[in-house]
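For reference, the chains in residue letters:
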Amino acid sequence: FGKTVGIVGLGRIGSMVATRLKAFSMNVIAYDPYISDERFERFGAEKKETLEELLREADIITVHTPRNEETMHMIDEKALAHTKEGIRLVNCARGGIIKEAALLEGLEEGKIASVGLDVFEKEPATDNELFKYSRVVCTPHLGADTYEAQKRVGENIAEQVILALKGGIVPNVVN
């Protein structure tokens, strides 16, 4: 309540996170250079023009971006230098967006208050230095492994096959 959460990536998942956090009266700020201003307004997130600006203002940072050359180690030692003392970080997107060595350094120095992860740079994560910290909560990346999620996947595939057979536009098609 009353904290500022910084969302990195305001796509499908990031926007759902914004909606839920607004319900807890959080101040939601976001950085995503590929999303329209209208989307920021629709989800009640104050747009930050740079990642550094978001890092300086947030009490909690959560990332929701794909992992690619641009986002790999996006949050590293240099980025963490811009955050508040006692920052809290969450990565449920892809391993490597937040550099694990930077997390270890920040935890040791006390800069980072806590970390929540369900993705890791090396998976499966069976022997990770982050597991040693009581201020780090780790879960396996199993978001799509529920019965409901698997049912939705099957239904979506069936719908897309029907669209393709009827000559329609198939969302998320891979060439």
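Heads up: these notes are all about the structure in this document. In this text the structure is predicted, and so the values were computed from the model without any measurement. (Residues numbered from 1 in each chain as written. Predicted model: local features only at pLDDT ≥ 70, side-chain atom pairs only at ≥ 80, totals over all residues. Heavy atoms only, no water.)

### Some details on the packing of aromatic side chains
Our working rule: Each Phe, Tyr or Trp ring (for Trp, its six-membered ring) is paired with any other whose centre lies within 6.5 Å, and the angle between the two planes then decides the class: stacked below 30 degrees, edge-to-face above 60, tilted in between. In this text, helices come from DSSP runs of H or I with a minimum length of four residues, and strands from runs of E with a minimum of two, each type numbered from the N-terminal end.
Throughout the structure, instances matching the rule amount to 1 aromatic pair. Judged by centre distance (5.8 Å) and plane angle (90°), the ring pair of Phe120 and Phe131 falls under edge-to-face. Here the residue Phe120 occupies a position in the loop between strand S6 (112-117) and strand S7 (136-138), and Phe131 occupies one in the loop between S6 and S7, the gap between them amounting to 11 residues.

### Comments concerning the state of the cysteines
Note on terminology: disulfide describes a covalent bond linking the sulfur atoms of two cysteines. Selection criterion: Here, two cysteine sulfur atoms that lie within 2.5 Å of each other are counted as a disulfide. For each residue, the accessible area found with a 1.4 Å probe, counting protein chains only, is set against the maximum for its type, and the residue is called buried under 20%, exposed over 50%, and partly exposed in between.
If you walk through the whole model with that rule in mind, you get 0 disulfides. In this structure Cys92 is not part of a disulfide, and its nearest cysteine sulfur, from Cys138, lies 10 Å away. Classification of Cys138 as partly exposed rests on a relative accessible area of 29%.

### Topic: the nonpolar core
Within soluble globular proteins, side chains that are nonpolar tend to cluster in buried spots. Note the cut-off: The set of buried Ala, Val, Leu, Ile, Met, Phe, Trp, Tyr and Cys residues whose side-chain atoms join them within 4.5 Å is what this entry labels a nonpolar core. Only heavy atoms enter the contact rule, under which two residues are in contact if any of them lie within 4.5 Å.
Residues Val8, Leu54, Ile61, Ile75, Leu89, Leu103 and Ile112 are the most contacted members of the largest nonpolar core, which totals 28 residues. Leave out the neighbours within four places in its chain, and Ile61 touches Gly6, Val8, Leu54, Leu55, Ile75, Thr83, Ile87, Arg88, Leu89 and Val90. Within the second largest apolar cluster, 12 residues are counted, among which are Val5, Ile7, Met26 and Phe40.

### Remarks on the environment of Ser36
Take Ser36: it is sitting in the loop between strand S2 (27-31) and helix H2 (37-42). Spatially, the C-alpha atoms of Ser36 and Val136 are 34 Å apart, while their sequence positions differ by 100 residues.

### Observations concerning the pattern of salt bridges
Close approach of charged atoms allows side chains with opposite charge to pair. The condition is simple: Salt bridges are identified by distance alone: a Lys or Arg side-chain nitrogen within 4 Å of an Asp or Glu carboxyl oxygen.
Counted under the stated rule, the structure contains 11 salt bridges. Here Lys48 makes a salt bridge to Glu46, at a shortest N to O gap of 2.7 Å. Residue Lys48 is classed as buried on the basis of its relative accessible area, which comes to 4%. Among the salt bridges present, the one from Arg56 reaches Glu52, with a minimum N-O distance of 3.1 Å. With Arg56 and Glu52 both in helix H3 (residues 51-57) and 4 residues apart, the pair spans about one turn of that helix. A relative accessible area of 37% places Glu52 in the partly exposed class.

### Thoughts on the pairing of strand S4 (residues 60-63)
For clarity, the cut-off: Two strands are said to pair when DSSP picks up at least two bridges between them.
Here 4 bridges tie strand S1 (residues 4-8) to S4, and the two strands are oriented parallel to one another. Bridging from a neighbouring strand, Gly6 pairs with Ile61 of S4. Pairing analysis gives 4 bridges linking S4 to strand S5 (residues 87-91), with the strands arranged parallel. Following the sheet pairing, Thr62 is matched in S5 by Val90.

### Here we look at a nonpolar patch on the surface
Selection criterion: Nonpolar side chains (Val, Leu, Ile, Met, Phe, Trp, Tyr) within 5 Å and like charges within 9 Å form the patches, drawn only from residues with over 30% relative accessible area and no salt bridge. The Shrake-Rupley method, run with a 1.4 Å probe, gives the accessible areas here. Residue values count only the displayed protein chains as cover.
Where nonpolar side chains cluster on the molecular surface, the patch consists of Val153, Ile157, Val161 and Leu165 and spans about 390 Å² of accessible area. Note that Leu165 resides in helix H6 (residues 147-165). For Leu165, a relative accessible area of 73% translates into the label exposed.

### With respect to the layout of surface pockets
Under the convention used in this document: Points on a 1 Å grid over protein atoms alone make up a cavity when a 1.4 Å probe fits among them but cannot get out, and a pocket when they form an open set with protein on both sides within 12 Å along at least five of seven lines; lining residues each have an atom within 4 Å of a point. Grid points are joined across faces, edges and corners, and a volume is the space filled by probe spheres set on the points. Classes in brief: Ala, Val, Leu, Ile, Met, Phe, Trp, Tyr, Cys and Pro nonpolar; Asp, Glu, Lys and Arg charged; the others, Gly included, polar.
When its volume is computed, the largest pocket comes out at roughly 890 Å³. Lining the largest pocket are 30 residues, and of these Arg12, Ile13, Cys92, Ala93 and Arg94 lie nearest its centre. Counting residues per element, the ones that place at least two in the lining of the largest pocket are helix H1 (12-22) and H6. In terms of residue count, H6 provides more of the lining of the largest pocket than any other element does, 4 residues in total. Of the residues contributing to the lining of the largest pocket, the split by class is 14 nonpolar, 9 polar and 7 charged.

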